[in-house]
2 protein chains.
Amino acid sequence: MKEQKYYIGIDLGGTLIKGGVVDHNANIILTKTIETQSNEGNEQVLKNILKLINCLIEESINFNINTFAGIGVGVPGVIDTERGLCLCSHNLHFNKYEIAKKIQAATNLEVKIINDANASTLAEYYFGAGKGCKNFAMLTLGTGIGGGAVIDGRLLLGNSSAGAEFGHSVICYNGKKCTCGRNGCLEQYASATALCNATKDAMNLNKQSKMWEVGNLKNITAKTAFDYSCVDETANMLVNSYIHYLATGITNIANVLRPEIIALGGGIAKQGNVLIEPLQKLVDNSIFASNQTPKVKIITAKLENSAGLVGAVCPFIKNKNY
Amino acid sequence: MKEQKYYIGIDLGGTLIKGGVVDHNANIILTKTIETQSNEGNEQVLKNILKLINCLIEESINFNINTFAGIGVGVPGVIDTERGLCLCSHNLHFNKYEIAKKIQAATNLEVKIINDANASTLAEYYFGAGKGCKNFAMLTLGTGIGGGAVIDGRLLLGNSSAGAEFGHSVICYNGKKCTCGRNGCLEQYASATALCNATKDAMNLNKQSKMWEVGNLKNITAKTAFDYSCVDETANMLVNSYIHYLATGITNIANVLRPEIIALGGGIAKQGNVLIEPLQKLVDNSIFASNQTPKVKIITAKLENSAGLVGAVCPFIKNKNY
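Since the model is a prediction, treat every value here as computed from it, not as a measurement. (Residues numbered from 1 in each chain as written. Chains lettered and ligands numbered in written order. Predicted model: local features only at pLDDT ≥ 70, side-chain atom pairs only at ≥ 80, totals over all residues. Heavy atoms only, no water.)

Regarding the overall build of chain A
- The helix and strand tally for chain A stands at nine helices and 13 strands.
- Relative to the globule expectation of 20 Å for 322 residues, the C-alpha radius of gyration of chain A, 21 Å, shows essentially globular dimensions.
- Dimensions of chain A, computed from the C-alpha atoms along their principal axes, are close to 60 × 50 × 35 Å.
- When burial is assessed residue by residue, chain A has 57% of its 322 residues classed as buried. (Helix = DSSP H or I, 4+ residues; strand = E, 2+ residues; numbered from the N terminus. Rg over C-alpha atoms; globule rule 2.2 N^0.38 Å. Buried < 20%, exposed > 50% of the residue type's maximum accessible area, 1.4 Å probe, protein only.)

Here you go:
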């Protein structure tokens, strides 16, 4: 019998650092979370990561796990895999920070770093929604729209790993101003933030909407319109419009990458069939040469919050750098 | 000294079939053209291809070329490379047509087929504008917008080779009706046809435009607005607007694939710096995280009309199927 290998996965976020012990089959044995304290500087963030790693190692003894084959870290930023550098990260104020080297020096374990969106994409590709695909894309509908893709079995990186920015594709020429500087990006119409803002705007225009039952606008989330879509015309219109924008972005990606599956992650994806069924119909009808070419299946991501952890150790499990 | 290898390349178009003898370094030794006669059925098209091949073989003797290492055929349609099938082709009425097998049986030479847009992309990647890149995209601005891409050294195919449909990406939500059934596709704003139509519309609205010097609307092409852009306000406005639409489409591709180079082919690309310089500026300013990530260079394609022929034999030169 082959001995089971264990890895430490770190999902480094702007607010929280999530850590876990993951085995070679992507089972999560235990998890721990700690505050990032990114405002206190890079060295404090590093200290917190190391503290989390030590906690995980100590607690692993209870599971009879004494050795680790490596540490994988998912970082929200632009990564230079070869040199183990985080070139930049808006959330963490990293600037060419040698994070892999520093963790390696402190732990004496091999460390691999990967962009966090790519980590989630790989986790879903190998162990979740994309299992068995050759071509796969993942869209995370959150504050913005993140994503990643696998093409013919390999992660889509692009020059300096700067590709797969699915949220920053203009779908409305001269449309709403985006944080990236352009006008009309998908993110401004199909992120959770976009739906939340559209809901507030629509409620202000319609004081009779049943959505006002939630109290005031501070209680509005991207979920509100979905919650009221069966009983309120404004909510129904908001959901319908949201789905049409999202379908436009998904079909654009489908026509360029033509994956077998596009998985949706983030809170909104939890709406399930209310979202997926009309989306699938719109994409099926609008995809290029729909009669002669294979469909692209839209499904919800499967690993939810664990995708980041599992993805962080994928470079070890698959013995590749990304 | 290694003996030079020769291949026969066939660029199968809806109106004309172009054939050529190409050496292992992508030099074209001789070319011949014949009518496709696609309306007379698949077998007539096949007969014409075989006639062209025979002509090329006969004339090759004058160049002391007596043996060929294979025949490569670029086909405007969806290709099943493994089975040598053309699954469908709008221009040629092919429907699961076993074109590779039939040419092979008649010539006793190995035959490989490839989608024509992918052929041009490979030719530019290996021998033209994309030489030395890891990631490369190509856009052909013609009747529609065709294209292809190479990601990390490999052709972007997608499921059933249906990917890389760059022209069919919505940039104007609820915009102009596209031939693919959607509204607002890039092709409706940035193809040669789109510029030609926009020019006619603008001239109808402005009878004082200097562009009327060309006589009547039948003489209008995509070139007209460029020809008059320095002396006519309407023409200048048309060119400016065209470049902004094209830049939007190019930046969308750049944000998803982040190639080192995007090459532009087709008649409009011959405008050179008048087109490329403002395009490059717009893309540089709007690409995601422009300060932290590498630029995407926009250049004109280099092989022009020979890209189809050279690309058709690339599967032999590179000893790969695409």
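Comments concerning the packing of helix 5 (residues 192–205) of chain B against helix 7 (residues 233–257) of chain B
Residue and element names in this part refer to chain B.
- Packing of helix 5 against helix 7 leaves a shortest axis separation of 10 Å and a crossing angle of 145°. Crossing hand, helix 5 versus helix 7: right-handed. Each of Leu195, Ala198, Thr199 and Ala202 in helix 5 lies in contact with helix 7, whose residues at this interface are Thr234, Leu238 and Tyr242. (Axes fitted to C-alpha atoms, helices over the stretch in contact; angles between N-to-C directions. Left-handed = near helix turned anticlockwise from the far one by under 90°. Contact = heavy atoms within 4.5 Å.)

Quick look at the relation of the copies chain B and chain A
- Note on the identical chains: chain B maps onto chain A by a rotation of 180° and an axial translation of 0.0 Å, with an RMSD of 0.0 Å. Here the transformation between the copies is reduced to the relation of a two-fold axis.
- Most of the interface of chain B is mirrored in chain A, where 98% of its interface residues are also at the interface. (Least-squares fit on C-alpha atoms with pLDDT ≥ 70 in both.)

Notes on the sheet that holds strand 1 (residues 6–12) of chain B
Residues and elements named next belong to chain B.
- Ordered in space as 3-2-1-4-8, the five strands form an open sheet in which the pairing is mixed. Single-partner strands in this sheet number two, and they are strand 3 (28–35) and strand 8 (111–115). The average angle at which neighbouring strand axes cross in this sheet is 20°, direction not considered.
- Pairing analysis gives five bridges linking strand 4 (residues 71–75) to strand 8, with the strands arranged parallel. The partner of isoleucine 71 across the bridge, within strand 8, is valine 111.
- Across the sheet, helix 2 (residues 99–107) lies against strand 1, strand 4 and strand 8, angled at about 150° from strand 8, the strand it touches most. (Pairing = 2+ DSSP bridges.)

Considerations on the environment of histidine 244 of chain A
- One can find histidine 244 of chain A in helix 7 (residues 233–257).
- Overall, the relative accessible area of 31% leaves histidine 244 of chain A in the partly exposed class.
- Residues histidine 244 of chain A and leucine 279 of chain A lie 35 residues apart in sequence; the distance between their C-alpha atoms is 7.5 Å.
- Ignoring anything within four residues of it in the chain, the contact list for histidine 244 of chain A reads Leu282 of chain A together with Tyr173 of chain B.

Concerning the side chain of serine 120 of chain A
- By the element assignment, serine 120 of chain A lies in helix 3 (residues 116–127).
- Leaving out residues up to four positions away in the same chain, serine 120 of chain A has contacts with Ala307 and Gly308 of chain A.

Things to note about the confidence of the model for chain A
- In the predicted model, chain A carries a mean pLDDT of 95, and 99% of its residues have values of at least 70.
- In the predicted complex, the global pTM is 0.94; the interface-specific ipTM is 0.94. (pLDDT = per-residue confidence, 0-100.)

Quick look at the nonpolar core
- Counting 98 residues, the largest nonpolar core has Tyr242, Leu257 and Leu264 of chain A together with Tyr242, Leu246, Leu257 and Leu264 of chain B as its most contacted members.
- Setting aside residues no more than four positions away along its own chain, leucine 246 of chain B makes contact with Leu139, Leu141, Ala190, Leu264, Leu275 and Leu279 of chain B. (Core = buried A, V, L, I, M, F, W, Y, C linked by side-chain atoms within 4.5 Å.)

Observations regarding the environment of asparagine 39 of chain A
- Checked against the element boundaries, asparagine 39 of chain A lands in the loop between strand 3 (28–35) and helix 1 (42–60).
- Judged by its relative accessible area of 70%, asparagine 39 of chain A is exposed.

Comments concerning the packing of helix 1 (residues 42–60) of chain B against helix 2 of chain B
Residue and element names in this part refer to chain B.
- At their nearest, the axes of helix 1 and helix 2 sit 11 Å apart, and the two run at 45° to each other. When the axes of helix 1 and helix 2 are compared, the pair comes out oblique. Pair helix 1 / helix 2 crosses with right-handed handedness. On helix 2, the residues that touch Glu43, Leu46, Ile49, Leu50 and Ile53 of helix 1 are Ile99, Lys102, Ile103, Ala106 and Thr107.
- Of the residues that constitute the contact of helix 1 with helix 2, the class distribution is seven nonpolar, one polar and two charged. (Parallel < 35°, antiparallel > 145°, perpendicular 65-115°, else oblique. Nonpolar A, V, L, I, M, F, W, Y, C, P; charged D, E, K, R; others polar.)

Quick look at the packing of aromatic side chains
All names here are of chain A.
- Using the criterion set out here, one finds 16 aromatic pairs over all chains in the structure.
- Judged by centre distance (4.7 Å) and plane angle (40°), the rings of phenylalanine 94 and tyrosine 97 are tilted.
- Exposure remark for phenylalanine 94: the relative accessible area of 3% places this residue in the buried category.
- Taken together, Tyr125, Tyr126, Phe127 and Phe136 form an aromatic cluster joined through their ring pairs.
- Taking the ring centre of phenylalanine 316 as reference, the NZ or CZ of lysine 112 above it sits at 5.1 Å. (Phe/Tyr/Trp six-rings, centres within 6.5 Å; stacked < 30°, edge-to-face > 60°. Lys NZ or Arg CZ within 6 Å of the ring centre and 35° of its normal.)

Quick look at the interface of chain B and chain A
- Of the residues lining the interface, 40 residues belong to chain B; the matching set on chain A comes to 39 residues.
- Applying the counting rule to chain B against chain A returns two salt bridges.
- The partner of aspartate 152 of chain B in a salt bridge is arginine 154 of chain A, and the shortest N-O contact between them spans 3.9 Å.
- On inspection of chain B and its partner chain A, the count reaches 20 residue pairs in polar contact (both at pLDDT 80 or more). (Salt bridge = Lys/Arg side-chain N within 4 Å of Asp/Glu carboxyl O. Polar contact = N/O pair within 3.5 Å; in protein donor to acceptor, adjacent residues only side chain to side chain.)

Focus on helix 5 of chain B
Residue and element names in this part refer to chain B.
- If you check helix 5, its first and last C-alpha atoms are 20 Å apart, about what 14 residues at 1.5 Å a residue would give, namely 20 Å.
- Among all positions of helix 5, only Ala192, Ala194, Leu195, Cys196, Thr199, Ala202 and Met203 are buried.
- The secondary structure elements touched by the buried residues of helix 5 are strand 9 (136–141), helix 4 (187–190), helix 6 (222–228) and helix 7. (Expected span 1.5 Å × (residues − 1).)

Comments concerning unusual backbone geometry
- Its identity is not glycine, yet alanine 26 of chain A carries a phi of approximately 70°, on the positive side.
- Counting through the fold element by element, alanine 26 of chain A comes out in the loop between strand 2 (16–23) and strand 3.

Section: the sheet that holds strand 5 (residues 78–80) of chain B
Residues and elements named next belong to chain B.
- Strands sit in the order 5-6-7 across an open sheet of three strands; the sheet is antiparallel. Here the strands that pair on one side only, and so sit at the sheet edges, are strand 5 and strand 7 (94–97). Pairs of neighbouring strands in the sheet enclose a mean axial angle of 15°, with direction left out of account.
- With three bridges connecting them, strand 5 and strand 6 (residues 85–89) associate as antiparallel partners. If you follow aspartate 80 over to strand 6, its bridge partner there is leucine 85.

Some details on the pairing of strand 13 (residues 297–300) of chain B
- Note that strand 12 (residues 261–265) of chain B and strand 13 of chain B share four bridges and pair parallel. Note on strand 13 of chain B: the bridge partner recorded for isoleucine 262 of chain B is isoleucine 298 of chain B.

Focus: the pairing of strand 7 (residues 94–97) of chain A
All names here are of chain A.
- Sheet topology places strand 6 (residues 85–89) next to strand 7; three bridges connect them, and they run antiparallel. By the bridge assignment for strand 7, serine 89 is matched with phenylalanine 94.
- Connecting the antiparallel pair strand 6 and strand 7 is a turn made up of four residues, with histidine 93 showing a positive phi of about 55°.

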